[in-house]
Amino acid sequence: ADLSEKIKAVIYGDGAIRGQLEQLTRELGLEDTVIFKGEIPNSEVPTALKTFDIFCATSNRESFGVSIVEAMAMNLPVVATDASGFKEVVVDGETGLIVERKNPEQIARALQTLVLEDSLRADMGKNGRKRVEAFYDWENNVTDMLRIYETLGYDYSGGQVRQ
């Protein structure tokens, strides 16, 4: 089969424009290519991510890229817009590709690059996983936070922070 016939855009989540996007998908005859899955519980996110080869996040504003950290933890290369929260998480050219917000041509080119370049896709996925392990390990973050509280003169015991 032709590569283009294998490509699927799977969209998770819900929002105000979902109906418009589904309508546009029908008008363009892309029902077999663009699949809307709706909102899923957080517990199902890893299972959904396992089915992906590339993760794409195109928000205009984002305070922190939790979804990107989750994707990188699953060895996925990322295409993300230059929203500040994404730029904090994705290392452009190393763990993924950063593109301009509201620039569909750039998003498409970045996706095309990752679709066509298997080794780049694999390397960025591995680099992303390493970055998550280094910077976003929950237990390490909690330990670091407690150490900071202690240096500020707070006592953490019994699940409460007291001065």
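Keep in mind that what you see is a predicted model, and the values were worked out from it rather than measured.

### Considering the packing of aromatic side chains
Here's step 1: What the rule picks out here adds up to 4 aromatic pairs.
Here's step 2: Measuring from centroid to centroid gives 6.4 Å for Phe 52 and Phe 55, while their planes differ by 25°, and the two rings are stacked. Of the two residues examined, Phe 52 and Phe 55, each falls in the buried class.
Here's step 3: Three or more aromatic residues link up through ring pairs in this structure, and these residues are Tyr 12, Phe 52 and Phe 55.

### Looking at the pattern of salt bridges
Here's step 1: As enumerated under the stated definition, the model contains 5 salt bridges in all.
Here's step 2: Between Arg 18 and Glu 22 there is a salt bridge, with the nearest N and O atoms lying 3.1 Å from each other. Here Arg 18 pairs with Glu 22, and both are found in helix α2 (residues 18-27), just 4 residues apart, close to one helical turn.
Here's step 3: In this structure, a network of salt bridges that share partners links the residues Asp 14, Arg 18 and Glu 22.

### Notes on the environment of Met 124
Here's step 1: Looking at the secondary structure, you find Met 124 in helix α7 (residues 118-135).
Here's step 2: Given the relative accessible area of 2%, Met 124 is considered buried.
Here's step 3: Taking C-alpha positions, Met 124 is 5.9 Å from Gly 96, a pair spaced 28 residues apart along the chain.
Here's step 4: Beyond its immediate sequence surroundings of up to four residues, Met 124 is in contact with Pro 77, Gly 93, Glu 94, Thr 95, Gly 96, Leu 97 and Leu 114.

### As for the pairing of strand β1 (residues 9-12)
Here's step 1: Relative to strand β2 (residues 34-38), β1 is paired through 4 bridges, and the arrangement is parallel. Paired with Ile 11 across the strands is Phe 36, a residue of β2.
Here's step 2: This β-α-β element, β1 to α2 to β2, shows right-handed connectivity.

### Here's the deal with α7
Here's step 1: Between its terminal C-alpha atoms α7 stretches 26 Å, which fits the 26 Å expected from 18 residues at 1.5 Å a residue.
Here's step 2: Within α7 the residues assigned to the buried category are Arg 121, Met 124, Gly 125, Gly 128, Arg 131 and Val 132. The buried residues of α7 occupy an angular sector of 125° when projected down its axis, which confines them to one face. Residues of α7 that are exposed and point more than 90 degrees away from the buried face comprise Ser 119, Lys 130 and Ala 134.
Here's step 3: Where α7 is buried, its residues contact α4 (66-73), α5 (84-89), β5 (96-99) and α6 (104-116).

### Section: a nonpolar patch on the surface
Here's step 1: Nonpolar side chains collect at one region of the surface, where Leu 3, Ile 7 and Leu 116 lie side by side and expose about 260 Å² of accessible area between them.
Here's step 2: Note on placement: Leu 3 falls in helix α1 (residues 3-6).
Here's step 3: Residue classification places Leu 3 among the partly exposed positions, given a relative accessible area of 38%.

### Some remarks on the side chain of Thr 25
Here's step 1: Summarising the element assignment, Thr 25 is placed in helix α2.
Here's step 2: Note on Thr 25: relative accessible area 8%, which makes it buried.
Here's step 3: Setting aside chain neighbours within four positions, we find Thr 25 in contact with Leu 30, Glu 31, Val 34 and Phe 36.

The rules behind the values
Residues numbered from 1 in each chain as written. Predicted model: local features only at pLDDT ≥ 70, side-chain atom pairs only at ≥ 80, totals over all residues. Heavy atoms only, no water. Phe/Tyr/Trp six-rings, centres within 6.5 Å; stacked < 30°, edge-to-face > 60°. Buried < 20%, exposed > 50% of the residue type's maximum accessible area, 1.4 Å probe, protein only. Salt bridge = Lys/Arg side-chain N within 4 Å of Asp/Glu carboxyl O. Helix = DSSP H or I, 4+ residues; strand = E, 2+ residues; numbered from the N terminus. Contact = heavy atoms within 4.5 Å. Pairing = 2+ DSSP bridges. Right-handed = clockwise from strand over helix to strand, strands pointing away. Expected span 1.5 Å × (residues − 1). Arc of directions from axis to C-beta. Patch = residues over 30% accessible without salt bridge, like charges linked within 9 Å, V, L, I, M, F, W, Y side chains within 5 Å. Areas by Shrake-Rupley, 256 points an atom, 1.4 Å probe, with all protein chains shown as cover.

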